There are 2 protein chains.
Amino acid sequence: MQADKFNNAMARQKASVDSSIAKADRQRSVLLLLTGDGKGKTTSGFGMVLRALGWGQRVAVVQFIKGTQPSGEELLLRSHFPEVEFFQMGTGFTWDTQNFAADQAAAERTWQEAERLLQDPRLDLLLLDELTYMLAYQFLPAAAVLQALRNRSPSLSVVVTGRGGGSELRALADTVSEVKSLKHAYEAGVQARKGVDY
Amino acid sequence: MQADKFNNAMARQKASVDSSIAKADRQRSVLLLLTGDGKGKTTSGFGMVLRALGWGQRVAVVQFIKGTQPSGEELLLRSHFPEVEFFQMGTGFTWDTQNFAADQAAAERTWQEAERLLQDPRLDLLLLDELTYMLAYQFLPAAAVLQALRNRSPSLSVVVTGRGGGSELRALADTVSEVKSLKHAYEAGVQARKGVDY
């Protein structure tokens, strides 16, 4: 790229960014939805947990579905950040159990923790990992979940991850990112890797 | 969802997942590219850093572009994980500087650190945050960057983040996820938030 072309492009970008910053004048907590079929939703949620902890904020994590096998993110939080409340549904992937009643009961128990945390005025960030599947499988009533998210503690930002989620959750969310899988090592026969995939 | 319908769906999913796992029989390091215009690329890269640290792996981070303002992820790594090598280009967003020569020199200096880390046999994971912009702006020669990624230490997995990246980088990557922005709080006038956006 030519230097003058580069400088002009950057000047235009600066004007655009400065204008957007000037327009963004409201400070409030946000609801983020990370959805889509690609790798990086849960990972991104935990990246936000790390970011908030870096600022000394109070964080909690509730994992729906996951929890039968240890993950690097769980090991790290438990070893280095015992102050982070961390709940897991612990039934593993439901396709391994094929037990609707047991899964639903586990989802409800786990949601009770989430409901309590959504009302905790001391919390800054709450990660509800893979919550969307609880709605897709109708383990949890969508209306109650949406209401609890809407009526959360005012200073609490929430990150919801998982495919789908439904149009009402998308409408309620302030930020929605869709992670699309363009390619996955798995498809080329590469095994899931510690520190990368779990 | 009906219980029998649910159990059947889960049984089908289990068969599909089991079959994929059986086919994935190669263990090797991977190159991941997190691209697209949505929120969650850098965050996901840092989530993977956290995941690898949870397993006691050795990790390093090189941030291109970012570095004039503190971020939560930087604060956390510096305070809790001083063993993580962490380099930042430190020129800030280039649209603030509009100085091609200075930016290019900074990119080259930063890339030298990346090149060294790509050859470090003790490392398990290296995050090259926003490297794609260095290619887009032609601050770094694409051929040399691709070669260094291809010839990296065999046990080292690498995460590259940033919009674009080019078709050759996509072809070289084992896993490519595109983060698409469906909605951003910013557009509704909500200010960037500590612990969420930085």
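Residues numbered from 1 in each chain as written. Chains lettered and ligands numbered in written order. Predicted model: local features only at pLDDT ≥ 70, side-chain atom pairs only at ≥ 80, totals over all residues. Heavy atoms only, no water.

J.: So, the packing of helix α2 (residues 41-54) of chain A against helix α3 (residues 72-80) of chain B: which residues are in play, and what are the values?
T.: It is the contact of α2(A) with α3(B), at a shortest axis distance of 7 Å, that shows an interaxial angle of 70 degrees. When the axes of α2(A) and α3(B) are compared, the pair comes out roughly perpendicular. Residue-level inspection shows Leu50(A), Arg51(A), Leu53(A) and Gly54(A) of α2(A) in contact with α3(B), the latter providing Gly72(B), Glu73(B), Leu75(B) and Leu76(B). By residue class, the composition of the contact of α2(A) with α3(B) is four nonpolar, two polar and two charged. (Axes fitted to C-alpha atoms, helices over the stretch in contact; angles between N-to-C directions. Helix = DSSP H or I, 4+ residues; strand = E, 2+ residues; numbered from the N terminus. Parallel < 35°, antiparallel > 145°, perpendicular 65-115°, else oblique. Contact = heavy atoms within 4.5 Å. Nonpolar A, V, L, I, M, F, W, Y, C, P; charged D, E, K, R; others polar.)

J.: I'd love a proper account of the relation of the copies chain A and chain B, names of residues and values included.
T.: Mapping chain A onto chain B calls for a rotation angle of 180 degrees and an axial translation of 0.0 Å; the resulting RMSD is 0.0 Å. The relationship between the two copies is best expressed as a two-fold rotation axis. A shared binding surface is used by both copies, with 100% of the interface residues of chain A retained as interface residues in chain B. (Least-squares fit on C-alpha atoms with pLDDT ≥ 70 in both.)

J.: Requested: an account of the pattern of salt bridges, with residues and values cited.
T.: According to the stated counting rule, one finds 14 salt bridges over all chains in the structure shown. Put simply, Asp120(B) and Arg122(B) hold a salt bridge, and the shortest N to O gap is 2.8 Å. In this structure, a network of salt bridges that share partners links the residues Glu85(A), Glu113(A) and Arg116(A). (Salt bridge = Lys/Arg side-chain N within 4 Å of Asp/Glu carboxyl O.)

J.: Would you mind going over the interface of chain A and chain B in detail, with residue names and values included?
T.: Between chain A and chain B, the residue contacts involve 86 residues of the former and 86 residues of the latter. For the pair chain A and chain B, the two sides together bury roughly 7,800 Å², of which 60% comes from carbon and sulfur. Residue Glu73(A) pairs with Arg51(B) through a salt bridge whose shortest N-O separation is 2.8 Å. For the interface between chain A and chain B, the tally reads 28 residue pairs in polar contact (both at pLDDT 80 or more). Elements supplying a minimum of two residues to the side of chain A that touches chain B: α1 (3-23), β1 (31-35), α2, α3 (72-80), α4 (94-97), α5 (100-118), α8 (167-172) and β6 (175-183) of chain A. Counted by class, the side of chain A that touches chain B contains 39 nonpolar, 29 polar and 18 charged residues. The sheet contact formed by β6(A) and strand β6 (residues 175-183) of chain B spans seven bridges and is antiparallel. (Buried area = accessible area lost by both parts, 1.4 Å probe. Polar contact = N/O pair within 3.5 Å; in protein donor to acceptor, adjacent residues only side chain to side chain. Pairing = 2+ DSSP bridges.)

J.: Account for the environment of Ala185(A), with residues named and values stated.
T.: Tracing the backbone shows Ala185(A) in the segment after β6. On the basis of relative accessible area, Ala185(A) is assigned to the buried category, the value being 5%. Taking C-alpha positions, Ala185(A) is 40 Å from Gln119(A), a pair spaced 66 residues apart along the chain. Here Ala185(A) is in contact with Val190(A), Val30(B), Asp174(B) and Thr175(B), once residues within four sequence places are set aside. (Buried < 20%, exposed > 50% of the residue type's maximum accessible area, 1.4 Å probe, protein only.)

J.: Go over the environment of Leu149(B) with me, naming the residues and quoting the values.
T.: All names here are of chain B. Structurally, Leu-149 is set in helix α7 (residues 142-150). Residue class for Leu-149 comes out buried when judged on its relative accessible area of 0%. Put simply, Leu-149 and Leu-172 are 23 residues apart on the chain and 8.6 Å apart in space, counted from C-alpha to C-alpha.

J.: Break down empty space enclosed by the protein for me, with residues and values.
T.: Per the stated rule, a full pass over the model turns up two cavities of 30 Å³ or more. Looking at the largest cavity, its volume works out to about 60 Å³. Lining the largest cavity are Val30(A), Leu32(A), Thr175(A), His184(B), Ala185(B), Tyr186(B), Val190(B), Gln191(B), Ala192(B), Arg193(B), Val196(B) and Asp197(B). Residues that form the lining of the largest cavity fall into these classes: seven nonpolar, three polar and two charged. The space that makes up the second largest cavity amounts to roughly 40 Å³. Lining the second largest cavity, in full, are His184(A), Ala185(A), Tyr186(A), Val190(A), Gln191(A), Asp197(A), Val30(B) and Thr175(B). (1 Å grid on protein atoms, 1.4 Å probe; cavity = no way out; pocket = protein on both sides within 12 Å on 5 of 7 lines; lining within 4 Å. Points joined across faces, edges and corners; volume = space filled by probe spheres on them.)

J.: Could you give an account of the packing of aromatic side chains, naming the residues involved and the relevant values?
T.: For the structure shown, the criterion picks out 10 aromatic pairs over all chains. Here Phe100(B) and Phe139(B) contribute two aromatic rings whose centre-to-centre distance is 5.5 Å and whose plane-to-plane angle is 65 degrees, an arrangement assigned as edge-to-face. With Phe100(B) in helix α5 (residues 100-118) and Phe139(B) in the loop between α6 (131-136) and α7, this residue pair connects regions lying 39 residues apart in the sequence. We classify Phe139(B) as buried; its relative accessible area is 1%. Three or more aromatic residues joined by ring pairs form one cluster here, namely Phe100(A), Tyr133(A), Tyr137(A) and Phe139(A). One cation-aromatic arrangement involves Lys194(A) over Trp55(B); the distance from NZ or CZ to the ring centre is 4.4 Å. (Phe/Tyr/Trp six-rings, centres within 6.5 Å; stacked < 30°, edge-to-face > 60°. Lys NZ or Arg CZ within 6 Å of the ring centre and 35° of its normal.)

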